[in-house]
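Geometric and topological summary
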Amino acid sequence: MTETPSPHVIDADTLSGGLKPIRQVILSLGSNLGDREANLQGAVDALRDTPDVVVVEVSPVYETQPVGGPEESGPYLNIVLLADSTLAVDLLLERAHAVEQAFGRERGVPGAPRTLDVDLITYGQKTIESEELTIPHPRAHERAFVLAPWLDIERDAVLPGHGPVAELLAKVGTEGVTKLDIELQ
């Protein structure tokens, strides 16, 4: 794994001897049910324990107002992770869903309160559109709860197909998004 990942850098698969590209990935995590901080820390720990995923940076924690959910939804705690991974995108998505399930995530009503939400925002510079996944995340460019923490860990970040994260955040603004004095490990 590298600290400055490139989609052209390769890592040998120790089991098969095959070569796999290392991708820089951005994951957005949020929680608005239960012990929100513990849910996020547990998810970070679970992702760190995932073979072929190296968490490089964890953003500060933000408290944000829910977007598009039921009126009774409470505020979220949100973070963004920068990681290097040699996992195929479908396996990385499976792992994200498994982490959500481990923390009691129930899928159903879109925008409903949840113990944990793990969204794959980018996967290297790839653009992917399938029934299961769209990369980059189709609404990341309009969500301050993704853009603000991302900008904290990667000042020159660019969301493929949309432009610099700093410019995108300036467009959407930061109303309802508050940086907390909480740093996860």
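The preceding data block contains the structure.
Attention here is on the structure that accompanies the text. (Residues numbered from 1 in each chain as written. Predicted model: local features only at pLDDT ≥ 70, side-chain atom pairs only at ≥ 80, totals over all residues. Heavy atoms only, no water.)

1. Brief notes about the environment of Ala 112
Along the chain, the position of Ala 112 falls in the loop between α2 (89-102) and β7 (117-123). It is 9.3 Å that separates the C-alpha atoms of Ala 112 and Glu 72, two residues lying 40 residues apart in sequence. In this structure Ala 112 touches Pro 70 and Tyr 76, once residues within four positions along its chain are discounted. (Helix = DSSP H or I, 4+ residues; strand = E, 2+ residues; numbered from the N terminus. Contact = heavy atoms within 4.5 Å.)

2. Comments concerning helix α3 (residues 144-153)
Taken across its 10 residues, α3 has 9 buried, putting it largely inside the fold. Along α3, the positions that sit buried rather than exposed are Ala 144, Phe 145, Val 146, Leu 147, Ala 148, Pro 149, Trp 150, Leu 151 and Ile 153. (Buried < 20%, exposed > 50% of the residue type's maximum accessible area, 1.4 Å probe, protein only.)

3. Focus on α2
Taking 1.5 Å as the rise per residue, α2 with 14 residues should run 20 Å; its terminal C-alpha atoms sit 20 Å apart, in good agreement. Residues of α2 that are buried: Val 89, Leu 92, Leu 93, Ala 96, Val 99 and Glu 100. All buried residues of α2 lie within an arc of 120° about the axis, which places them on one face of the element. Of the exposed residues in α2, the ones pointing more than 90 degrees away from its buried face are Glu 94, Gln 101 and Ala 102. In this fold, the buried residues of α2 make contact with β3 (23-31), α1 (36-48), β4 (53-58), β6 (76-85), β7 and β8 (128-129). Immediately downstream of α2, the backbone of Gly 104 shows phi near 80°, a positive value. (Expected span 1.5 Å × (residues − 1). Arc of directions from axis to C-beta.)

4. As for a negative patch on the surface
Together, Asp 90, Glu 94, Glu 131 and Glu 132 line one region of the surface with negative charge. Assignment of secondary structure puts Glu 94 in helix α2. (Patch = residues over 30% accessible without salt bridge, like charges linked within 9 Å, V, L, I, M, F, W, Y side chains within 5 Å. Areas by Shrake-Rupley, 256 points an atom, 1.4 Å probe, with all protein chains shown as cover. Salt bridge = Lys/Arg side-chain N within 4 Å of Asp/Glu carboxyl O. Lys, Arg positive; Asp, Glu negative; His and termini not counted. Charge placed at Lys NZ, Arg CZ, Asp CG, Glu CD.)

5. As for the pairing of β6
With 10 of 10 residues buried, β6 is to be regarded as a mostly interior element. Taking every second residue as pointing to the same face, both faces of β6 are buried, with Tyr 76, Asn 78, Val 80, Leu 82 and Asp 84 on one and Leu 77, Ile 79, Leu 81, Ala 83 and Ser 85 on the other. As defined by bridge partners, β3 adjoins β6 across 9 bridges and the pair is classed as antiparallel. Bridged to Gly 30 within β6 is Asn 78. Strand direction decides the pairing type here: β4 and β6, joined by 5 bridges, are antiparallel. Opposite Val 53, over in β6, you have Ser 85 as the bridge partner. (Pairing = 2+ DSSP bridges.)

6. Quick look at the packing of α3 against helix α4 (residues 165-172)
Where α3 contacts α4, the two axes come as close as 9 Å, and the packing angle between them is 140°. Taken as axis vectors, α3 and α4 run oblique relative to one another. Relative to α4, the crossing made by α3 is left-handed. Residues Ala 144, Leu 147, Ala 148, Trp 150 and Leu 151 of α3 form the contact with α4, whose participating residues are Val 165, Ala 166, Leu 168, Leu 169 and Val 172. (Axes fitted to C-alpha atoms, helices over the stretch in contact; angles between N-to-C directions. Parallel < 35°, antiparallel > 145°, perpendicular 65-115°, else oblique. Left-handed = near helix turned anticlockwise from the far one by under 90°.)

Read these as layout, nothing more, since geometry by itself doesn't imply function.
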